[in-house]
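# Close look at the chain arrangement
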Amino acid sequence: MPDPRPDGDHSGAEAEARDQEQVKEADRRGGPGHTVLLALALAVPVTKVAYTVGGGEAVRDVFVGMELANWPDVLIGMMITDPLLGSVLAVVISRVVFALFAARGAVPLGGGFVGAARRAALTIVNPVAVGVIDACLFGPWWGLGTGLAAYALRQGVVVEYRTGRRRSHHHRSRPGADSAYRPPAWLRRAAGVEQWVALGLTVVVLPFLAFASALDGRAWTSIVECQVTDGTRTTSDRLIELGRKGNGVVGWNLATDEVSNGLGCVGVESLYVREPWWRG
């Protein structure tokens, strides 16, 4: 029996199905956030070290001195010394991870108290965690703002999966929406805005903040003043700490531009090594 629907309805339904499939696949791969985060994790630490110590052989010496296994230490050091970068990164990671698991069927469908409780727990737990971490590092207001932003960006994903605008891999073979769920118009619009906000944070704001932090002239870790012995001569030099060896420090010597061993080290309050790139 022929389908009575006009050709236009067929093409519209097919286009919607293709759009849903593309969005779902993007979520399963982590979306653009996955690619951006990977690129930043590779490029930003090298940029930070290169600008701070001068590039070229100095970069190789620093990474050899700190050992390549400690590569993430540069990125971690940047995050815990820059509140804005750390907070935006936490929000982006929270949203990327949630979209990834939502595409695999992690968003509970159906109404009732149990469904609502499961969705609330799934949506709230991670934002609370990143908010607590941010509060411990940068203070309560940073923690509150980060937690609320992470929660808001997750809500858009929940609305889209519950209304069927996205379908998870888990629900591909059956209706991917709550049939009784009718969100108000403002919430649907907010979910659409959330997609653009998340995209802007991921592909524009986060890379800008990451490279601005990499070029701000500050060390990614502690700067210590140590007694450095060169032959028979002992001097007091500032070192960017690369690691601890016994009762001393292995660090990049800012006076001699080489890796040195220092003893009797005392922390220096300022992390600035040179002027930021935009003032140079």
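Small disclaimer: the values here were computed from a predicted structure and weren't measured.

## Looking at the overall build of the protein
- Regarding its fold elements, the protein presents 8 helices and 4 strands.
- In the protein, buried positions account for 39% of the 280 residues.
- Summed over its atoms, the accessible surface of the protein is roughly 15300 Å², and 62% of this surface lies on carbon and sulfur atoms.

## Looking at the nonpolar core
- The biggest cluster of nonpolar side chains holds 32 residues, and the ones touching the most others in it are Val49, Val53, Val62 and Trp220.
- At the level of secondary structure, the elements contributing two or more residues to this core comprise helix H2 (31–53), helix H3 (57–66), helix H4 (71–81), helix H5 (83–102), helix H8 (185–214) and strand E2 (233–245).
- Leave out the neighbours within four places in its chain, and Val53 touches Ala58, Val59, Val62, Trp220, Ile240, Trp252 and Arg274.
- Counting 5 residues, the second-largest nonpolar core is a separate cluster that includes Val224, Val228, Leu239 and Val249.

## Overview of the state of the cysteines
- Considering all chains together, one arrives at 1 disulfide under this definition.
- One disulfide in the model links Cys226 with Cys265; its S-S distance is 2.0 Å. The chirality of the disulfide connecting Cys226 with Cys265 is right-handed, given an S-S dihedral of about 115°. Remark: Cys265 occurs in strand E4 (residues 258–268) and Cys226 occurs in strand E1 (residues 223–230); sequence separation between them is 39 residues.

## Quick word on H3
- Looking only at H3, the buried set comprises Ala58, Val59, Val62, Phe63 and Met66. Looking straight down H3, one finds its buried side chains confined to an arc of 130°; they lie on one side. Among the exposed residues of H3, those pointing more than 90 degrees away from its buried face are Glu57, Arg60 and Val64.

## Details of the pairing of E4
- Both E1 and E4 contribute to a ladder of 5 bridges, which runs antiparallel. Of the residues in E4, the one forming a bridge with Val224 is Gly267.

## As for the packing of aromatic side chains
- Evaluated as defined, the whole model comprises 0 aromatic pairs.
- Cation over ring: Arg274 sits above Tyr51, and NZ or CZ is 5.4 Å from the ring centre.

## A look at the confidence of the model for the protein
- The share of residues in the protein with pLDDT of 70 or more is 75%, and the mean pLDDT across the chain is 80.
- Contacts for the low-pLDDT stretch residues 169–176, under 50 throughout, to residues beyond four places or in other chains number 18 contacts.

## Some details on the environment of Leu85
- Positionally, Leu85 belongs in helix H5.
- For Leu85, a relative accessible area of 5% gives the class buried.
- Considered as a pair, Leu85 and Leu209 are 124 residues apart in the sequence and their alpha carbons are 5.8 Å apart.
- Other than its neighbours up to four places away in sequence, Leu85 contacts Met78, Leu206, Leu209, Ala210 and Ser213.

Rules used throughout
- Residues numbered from 1 in each chain as written.
- Predicted model: local features only at pLDDT ≥ 70, side-chain atom pairs only at ≥ 80, totals over all residues.
- Heavy atoms only, no water.
- Helix = DSSP H or I, 4+ residues; strand = E, 2+ residues; numbered from the N terminus.
- Buried < 20%, exposed > 50% of the residue type's maximum accessible area, 1.4 Å probe, protein only.
- Areas by Shrake-Rupley, 256 points an atom, 1.4 Å probe, with all protein chains shown as cover.
- Core = buried A, V, L, I, M, F, W, Y, C linked by side-chain atoms within 4.5 Å.
- Contact = heavy atoms within 4.5 Å.
- Disulfide = S-S within 2.5 Å.
- Arc of directions from axis to C-beta.
- Pairing = 2+ DSSP bridges.
- Phe/Tyr/Trp six-rings, centres within 6.5 Å; stacked < 30°, edge-to-face > 60°.
- Lys NZ or Arg CZ within 6 Å of the ring centre and 35° of its normal.
- pLDDT = per-residue confidence, 0-100.

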